[in-house]
Amino acid sequence: MLTVATGNKAVALAVKQAKPVVVAIYPITPQTEIVEQIAQYVSQGDLSARYIDVESEHSAMAACIGASMTGVRTFTATSSQGLLYMHEMTNWAAGARLPIVMANVNRAIGPGWNIWAEHTDAMQERDTGWLQVYVSTVQEAYDTTLMAFRIAEHNDVLLPVMVNLDGFLLSHVMQPLDTVEPADFIPPLHLPHTVDPKNPMGYGTLTGPDEYFKFRWDIERSMRDSLRVIEAAHKEFFQRFGRTYGFTEDYRCEDADVVVVSMGTLGKEVEVAVDNLRNEGIRAGSMRLRWFRPFPKLDLMNRDVVVIDRDYSFGFGGVLAHSIQAKNRTGVFSVIAGLGGQEVTYDDIAGFVKNRHIGREYWFGVSDNV
Amino acid sequence: MFEIRIHSRGGQGGVTAARLIALAAIRDGRYATAFPFYGAERRGAPVVSFVRIDDAPVKVYSQIQQPDLVFVMDMGVMDVVDVLHGLKEGGTVVTNSAHKHEFAGFRTFNIDLTGIALKEDLVVAGNPILDTAVIGALAKLGIITIESAKKAIAEMFTDERDIKTADDAFREMTV
């Protein structure tokens, strides 16, 4: 059914349809609309979940961990400082192999206090064992949230999934939304290591130097297997609902001399820049990365690569730019733009492409660039 | 692509007006996005909201720099905000006022939205709510159809006065 929704409302609607049994969320701007909407679904009886009121994000994730261990579907949502406050527990969720789904509304980290879009919050969760996906439209936020449950709960994955959407730019933008009936697209959850009072076992007990690394390797093995599970979920989604998704969304890349790689809403703005550049005779393309963990293979051979990072790792560089350089053994022009909601227009992006200097880093809006 | 910028004050319904316009445009079979710029402002502070309407999916997320139409829901914001900033040559200005204001080089219209809302007693927390009157006025300008405007209102609100104010605005708007 065709309706309209904000990014936040689209996520909440997908969650309602996925029917989690336990939801524990602490509100934070710009995510609050998600918790409000889900609380309303529960209070009106549209979602028969146990809604747990918590006093912090740390407790929200702890509640999801406890609930998930009993083998039921769980959901939470957060942003920025809230995600960071959760950090100890996000590691636990992945290590305990719990398929929790979380929406993270990407927002910059203070100080200076800033409520606008940036990806550095999620980047700080990069090494926790969570799968991470970044979306660019209201429709994609909805579709990907549905897929996230199926992927997280797949027996070959059993890892938590974080769905990232840009604060305000997507969370508060109203766009068309075509809803679906997920039915058995998300099969029932069968957690193999469920807590069972009739069969008591120890969980998260002391694991010595001769065993611990095996559990770590097992997480990595599942991460690698998740590539196949994600691909199958995309395929199944297309067959049932007709919308196509991949690890990346490629736009006019086939014959491109220069490809711009980005994540989130910026990726759509890049497509407009690509059209304009092509009108000027510059063969540009856009590759919008959806899945950041697991990090997919990218086809970037034999062309110039411009990477836009809406994040930064101090003393190192743009996280996406360096990930691409390392994985593809290719030089890139690294642009740092959009931090803390900085406006980046398609004209700005066309400028990055025209003035690219492979091997260099450029901070948009800062005069004394490296 | 048709781009609209709405100037209002927090609590007047500027953000909701933008969403209603987008929804109405979608019900007209077109594509649209609506978004506000959220600053630290709250109730009473100047707020800017944007709407883009097109015949293809809208991919642009940056703020509107050169609107085709500017809607001024609160005349007082003109003292602190340059509401004409970037407005396209020959663009349109609509003001919430009982009196006509001329802006050289632009098509100008005025409509007393506040009077319409007060007549229907559409007041929340002391503020007349103007959002549904805004889309009635824009329907008269042909940006959306009045049928889709009413559909959009019915989808978002249950109070019949909301549709009535849109009708009133549609009728009273002189083009």
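Note that the structure is predicted; figures quoted are calculated from it, not measured.

Side note on the overall build of chain A
Phase 1 of the analysis: Along chain A, the regular secondary structure elements total 11 helices and 15 strands.
Phase 2 of the analysis: The C-alpha radius of gyration computed for chain A amounts to 20 Å, which stays within 12% of the reference 21 Å derived for 370 residues, consistent with globular compactness.
Phase 3 of the analysis: Dimensions of chain A along its principal axes, counting C-alpha atoms only, are 70 × 55 × 45 Å.
Phase 4 of the analysis: For chain A, buried positions account for 59% of its 370 residues.

Re the domain arrangement of chain A
Residues and elements named next belong to chain A.
Phase 1 of the analysis: Segmentation of chain A into domains returns domain 1 (2-241) and domain 2 (250-363).
Phase 2 of the analysis: Here domain 1 and domain 2 have C-alpha centroids that lie 27 Å from each other.
Phase 3 of the analysis: Residue-level contacts link 31 residues of domain 1 with 20 residues of domain 2.
Phase 4 of the analysis: Of the roughly 2,200 Å² buried where domain 1 meets domain 2, counting both sides, 63% is carbon and sulfur surface.
Phase 5 of the analysis: It is M123, R126 and S136 in domain 1 that bury the most area against domain 2; as a group they hold 23% of the surface buried on that side.
Phase 6 of the analysis: For the pair domain 1 and domain 2, the number of links is 2 salt bridges.
Phase 7 of the analysis: The partner of R290 in a salt bridge is E140, and the shortest N-O contact between them spans 2.7 Å.
Phase 8 of the analysis: Counting across the interface, domain 1 meets domain 2 through 16 residue pairs in polar contact (both at pLDDT 80 or more).
Phase 9 of the analysis: When residues of the side of domain 1 that touches domain 2 are assigned to their parent elements, the largest contribution, 5 residues, is made by helix α8 (residues 212-241).

Considerations on empty space enclosed by the protein
Phase 1 of the analysis: All chains considered together, the criterion is met by 1 cavity of 30 Å³ or more.
Phase 2 of the analysis: Taken as a whole, the largest cavity encloses approximately 260 Å³ of empty space.
Phase 3 of the analysis: Around the largest cavity sit 21 residues that line it, and L169(A), G341(A), E343(A), Y61(B) and Q63(B) are the ones nearest its centre.
Phase 4 of the analysis: Every element with two or more residues in the lining of the largest cavity is listed here: α9 (266-279) of chain A together with β2 (31-37) of chain B.
Phase 5 of the analysis: It is β2(B) that provides the largest number of residues to the lining of the largest cavity, a total of 3 residues.
Phase 6 of the analysis: In terms of residue class, the lining of the largest cavity is built from 12 nonpolar, 6 polar and 3 charged.
Phase 7 of the analysis: If you count residues domain by domain, the lining of the largest cavity takes at least three from each of domain 1 (2-241) and domain 2 (250-363) of chain A.

Structural notes on the nonpolar core
Phase 1 of the analysis: I38(A), F75(A) and L131(A) are the most contacted members of the largest nonpolar core, which totals 56 residues.
Phase 2 of the analysis: Among the elements of the structure, α1 (7-18), α2 (32-44), β4 (74-78), β5 (101-106), β6 (131-134), α7 (138-152), β7 (161-166) and α8 of chain A are those that each provide at least two residues to this core.
Phase 3 of the analysis: Among the elements that line this core, the one with the most residues is α7(A), at 9 residues.
Phase 4 of the analysis: If you look at the next biggest cluster of nonpolar residues, it comprises 44 residues, including I6(B), L23(B), A24(B) and I111(B).

Brief notes about the sheet that holds strand β9 (residues 248-251) of chain A
Residues and elements named next belong to chain A.
Phase 1 of the analysis: One open sheet holds the 6 strands; their spatial order is β9-β11-β10-β13-β14-β15, and the pairing between them is mixed. Whereas interior strands pair on both sides, the edge strands pair on one side only; in this sheet they are β9 and β15 (361-363). The mean angle between the axes of side-by-side strands here comes to 20°, regardless of whether they run parallel or antiparallel.
Phase 2 of the analysis: With 3 bridges joining them, strand β14 (residues 333-336) and β15 adopt parallel strand pairing. Note that in β15 the partner of I336 across the bridge is W363.
Phase 3 of the analysis: Taken strand by strand, α9 contacts β9, β10 (258-262), β11 (284-289) and β13 (304-309), and its axis lies near 170° from that of β11.
Phase 4 of the analysis: Strands β10, β11, β13 and β14 of the sheet are contacted by helix α10 (residues 319-328), whose axis makes an angle of about 145° with β13.

Quick look at the packing of aromatic side chains
All names here are of chain A.
Phase 1 of the analysis: Evaluation of the coordinates by the stated rule reveals 14 aromatic pairs over all chains.
Phase 2 of the analysis: Three or more aromatic residues link up through ring pairs in this structure, and these residues are F185, F237, F241 and Y245.
Phase 3 of the analysis: The ring of W113 is capped by R107, whose NZ or CZ atom sits 5.0 Å from the centre of that ring.
Phase 4 of the analysis: Cation over ring: R150 sits above F185, and NZ or CZ is 4.8 Å from the ring centre.

A word on the interface of chain B and chain A
Phase 1 of the analysis: Taken together, the contacts link 18 residues of chain B with 27 residues of chain A.
Phase 2 of the analysis: Carbon and sulfur atoms make up 61% of the area that chain B and chain A hide from each other, which totals about 1,900 Å².
Phase 3 of the analysis: In terms of surface lost to chain A, no three residues of chain B exceed R19(B), K59(B) and Y61(B), which account for 39% of the buried area on that side.
Phase 4 of the analysis: At the junction of chain B and chain A, the tally comes to 1 salt bridge.
Phase 5 of the analysis: When the shortest N-O distance is used, the salt bridge between E271(A) and K59(B) registers 2.6 Å.

Regarding the layout of surface pockets
Residue and element names in this part refer to chain A.
Phase 1 of the analysis: Here the second largest pocket is characterised by a volume of approximately 760 Å³.
Phase 2 of the analysis: Forming the boundary of the second largest pocket are 26 residues, of which G95, A96, R97, G204 and F215 lie nearest the centre.
Phase 3 of the analysis: Residue assignment for the lining of the second largest pocket shows that the elements contributing at least two residues are α5 (87-95) and α8.
Phase 4 of the analysis: With 6 residues, the top contributor of residues to the lining of the second largest pocket is α8.
Phase 5 of the analysis: Of the residues contributing to the lining of the second largest pocket, the split by class is 12 nonpolar, 9 polar and 5 charged.

Here's the deal with the sheet that holds strand β12 (residues 291-293) of chain A
Residues and elements named next belong to chain A.
Phase 1 of the analysis: Taking strand neighbours across the sheet as the criterion, the 7 strands line up as β3-β2-β4-β5-β7-β6-β12 in an open arrangement whose pairing is mixed. At either end of the open sheet lies a strand with only one pairing partner, and these are β3 (50-52) and β12. Put simply, the sheet's adjacent strands are angled 20° from each other on average, direction ignored.

Criteria and thresholds
- Residues numbered from 1 in each chain as written.
- Chains lettered and ligands numbered in written order.
- Predicted model: local features only at pLDDT ≥ 70, side-chain atom pairs only at ≥ 80, totals over all residues.
- Heavy atoms only, no water.
- Helix = DSSP H or I, 4+ residues; strand = E, 2+ residues; numbered from the N terminus.
- Rg over C-alpha atoms; globule rule 2.2 N^0.38 Å.
- Buried < 20%, exposed > 50% of the residue type's maximum accessible area, 1.4 Å probe, protein only.
- Domains from an automatic or database assignment.
- Contact = heavy atoms within 4.5 Å.
- Buried area = accessible area lost by both parts, 1.4 Å probe.
- Salt bridge = Lys/Arg side-chain N within 4 Å of Asp/Glu carboxyl O.
- Polar contact = N/O pair within 3.5 Å; in protein donor to acceptor, adjacent residues only side chain to side chain.
- 1 Å grid on protein atoms, 1.4 Å probe; cavity = no way out; pocket = protein on both sides within 12 Å on 5 of 7 lines; lining within 4 Å.
- Points joined across faces, edges and corners; volume = space filled by probe spheres on them.
- Nonpolar A, V, L, I, M, F, W, Y, C, P; charged D, E, K, R; others polar.
- Core = buried A, V, L, I, M, F, W, Y, C linked by side-chain atoms within 4.5 Å.
- Pairing = 2+ DSSP bridges.
- Axes fitted to C-alpha atoms, helices over the stretch in contact; angles between N-to-C directions.
- Phe/Tyr/Trp six-rings, centres within 6.5 Å; stacked < 30°, edge-to-face > 60°.
- Lys NZ or Arg CZ within 6 Å of the ring centre and 35° of its normal.

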